[in-house]
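Listed below, chain by chain, are the residues.
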Amino acid sequence: MTAQKLSTFPFHRLARDFCYAMVFNVACALVVTYVLKSDGNFVSSLIISTCIGTTAFLLIDGIRLSIWGESGRPNWLVFALIIAAVAPVAQMAGGWLAGKILGYPLTGLFSFTSAGGASSLVITLIAAGFATVFFAHREKAMRAEAELAQEKARTETVARQALQAQLQSLQAQIEPHMLFNTLANLQGLIAIDPPRAQQMLDLLIQYLRATLTSSRAGSNTLEQEFAQMEAYLGLMQIRMGERLSYSFDLPQALRAHEVPPMLLQPLVENAIAHGLEPKIEGGHVAVGAALHDGALALTVQDNGRGPDAGPGKKGTNVGLANTRERLRALYGDHASLTLEPAQPQGALARITLPV
């Protein structure tokens, strides 16, 4: 065997099969001692069986793995001829080794015309046949398990692709909603306040530049998510003027924590469109992140009209519904989105994620 073939030979498989071969050796020793009533005791029978059986195993399994490899299917006619050729060789080599261990020659094993040699050869052939059938069924079971694992992997891949498509579809419903609103306001400002329109356009470009890559990615860091919300709220402040103020609370330890992209967008948009924009005096939006009881809590709180004040701008509930669908698809029952009254007034939206 060349060095290249030796480096690729599946020794781990040979070692694993050897454990089963030893079981067959013990079984043969028991049969010879207690069923066939041989002259020797169990210990001597076990030594002889182990020497012959191990030699046969190493030759047969070694040839099989060398020719057909670990996962190849042998030609059974050729393999049967190999077993028939190996059996007498294994009996002679194993018998010589057993004689050395026992301290006396086992001459009867070297004469295949004698009763002892012939019967021993028959036992070797039968044991090799049983072992071959056993390993063949084991190979078949292992191939079936491998095919099942591959099919399971393919199914999981398809499921992940379907989930990704679903998440992108839900996310795509959120992004145009914000963009169309901003463009509509920009169109109105161009006619009445060009400087503010230019400022809003600059902020919109900054916002889109910041969100384009991350919104197509699998995740955002909280630092990126909060930066995008700061750009978004800057846009809204241009539109609402002094009627809108905002603040952020992101602990340093959570800045690198990853979350699904565009997760806070619909919550902040809902707080403005539903809670603050309909109020003459406007209000304040506070965006925060914290750890509570081993879970990550992302909050968007406003001091607007509250969740029970009636509908605000049309379409704001779509973002919340889509966010719930995204969370359900990504985390199942381990994540949630709640919207409840805030104290002393306004609404509090809270996303809870597993850490």
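Everything discussed here concerns the structure shown above.
A brief structural summary. Nothing here was measured: the structure is a model prediction, and the numbers come from that model.

A few points about the overall build of the protein
- Of the regular secondary structure elements, the protein holds nine helices and seven strands.
- Across the 355 residues of the protein, 39% fall into the buried class.
- Within the protein, counting contacts between residues at least 6 apart in sequence, those at least 24 apart form 71% of the total.
- For the protein, the accessible surface area stands at approximately 19300 Å², while carbon and sulfur atoms represent 63% of it.

Here we look at the sheet that holds strand 5 (residues 295-302)
- Pairing is mixed across the open sheet formed by five strands, whose spatial order is 2-4-5-7-6. Lying at the two open borders of the sheet, with one neighbouring strand each, are strand 2 (244-249) and strand 6 (336-341). On average, each strand axis in the sheet is tilted by 15° relative to the strand beside it, whichever way the strands run.
- Both strand 5 and strand 7 (residues 347-354) contribute to a ladder of eight bridges, which runs antiparallel. Paired with Leu298 across the strands is Ile351, a residue of strand 7.
- The strands that helix 7 (residues 222-240) touches are strand 2, strand 4 (283-292) and strand 5; relative to strand 2, the one it contacts most, it runs at about 170°.

As for the nonpolar core
- Grouped together as the largest cluster of nonpolar side chains are 42 residues, with contacts concentrated most on Leu222, Ile272, Leu298 and Leu353.
- Secondary structure elements with two or more residues in this core: helix 5 (115-192), helix 6 (194-215), helix 7, helix 8 (265-276), strand 4, strand 5, helix 9 (316-331) and strand 7.
- Element by element, the count of residues in this core is highest for helix 7, at 10 residues.
- Listed in part, the eight residues of the second largest apolar core include Ala56, Ile60, Val86 and Ala90.

Topic: the pairing of strand 4
- In terms of strand pairing, strand 2 meets strand 4 through six bridges, oriented parallel. Across the sheet, Phe248 pairs through a bridge with Val287, a residue of strand 4.
- Across eight bridges, strand 4 lies against strand 5 in antiparallel orientation. Bridged to Val285 within strand 5 is Asp302.
- Hairpin connection of strand 4 to strand 5: two residues between the antiparallel strands, including Asp293 at a positive phi of 55°.

Brief notes about helix 4 (residues 76-102)
- Between the first and last C-alpha of helix 4 there are 36 Å, a value that for 27 residues agrees with the 39 Å anticipated at 1.5 Å per step.
- Along helix 4, the helix axis deviates most sharply at Val86, where the bend reaches about 30°; the proline Pro88 sits within four residues downstream.
- Buried residues of helix 4: Phe79, Ile82, Ile83, Val86, Ala87, Ala90, Gln91, Gly94, Gly95, Ala98 and Gly99, and no others.
- Taken from the residues just after helix 4, Gly103 is the one with a positive phi, measuring 90°.

A short note on the pattern of salt bridges
- For the structure on display, the rule yields three salt bridges.
- The closest approach of N and O atoms between Arg196 and Asp193, which form a salt bridge, is 3.9 Å.
- On the basis of relative accessibility, which here comes to 28%, the residue Arg196 falls in the partly exposed class.
- What makes Asp193 partly exposed here is its relative accessible area of 21%.

A word on empty space enclosed by the protein
- On inspection of all chains with the given rule, the structure shows three cavities of 30 Å³ or more.
- Roughly 40 Å³ of internal volume is contained in the second largest cavity.
- Lining the second largest cavity, in full, are Leu267, Asn270, Ala271, Val300, Asp302, Leu320, Leu339, Ala347 and Ala349.
- Taken together, the elements giving at least two residues each to the lining of the second largest cavity come down to helix 8, strand 5 and strand 7.

Criteria and thresholds
Residues numbered from 1 in each chain as written. Predicted model: local features only at pLDDT ≥ 70, side-chain atom pairs only at ≥ 80, totals over all residues. Heavy atoms only, no water. Helix = DSSP H or I, 4+ residues; strand = E, 2+ residues; numbered from the N terminus. Buried < 20%, exposed > 50% of the residue type's maximum accessible area, 1.4 Å probe, protein only. Contact = heavy atoms within 4.5 Å. Areas by Shrake-Rupley, 256 points an atom, 1.4 Å probe, with all protein chains shown as cover. Pairing = 2+ DSSP bridges. Axes fitted to C-alpha atoms, helices over the stretch in contact; angles between N-to-C directions. Core = buried A, V, L, I, M, F, W, Y, C linked by side-chain atoms within 4.5 Å. Expected span 1.5 Å × (residues − 1). Bend = angle between axes of the 7 residues up to and from the residue. Salt bridge = Lys/Arg side-chain N within 4 Å of Asp/Glu carboxyl O. 1 Å grid on protein atoms, 1.4 Å probe; cavity = no way out; pocket = protein on both sides within 12 Å on 5 of 7 lines; lining within 4 Å. Points joined across faces, edges and corners; volume = space filled by probe spheres on them.

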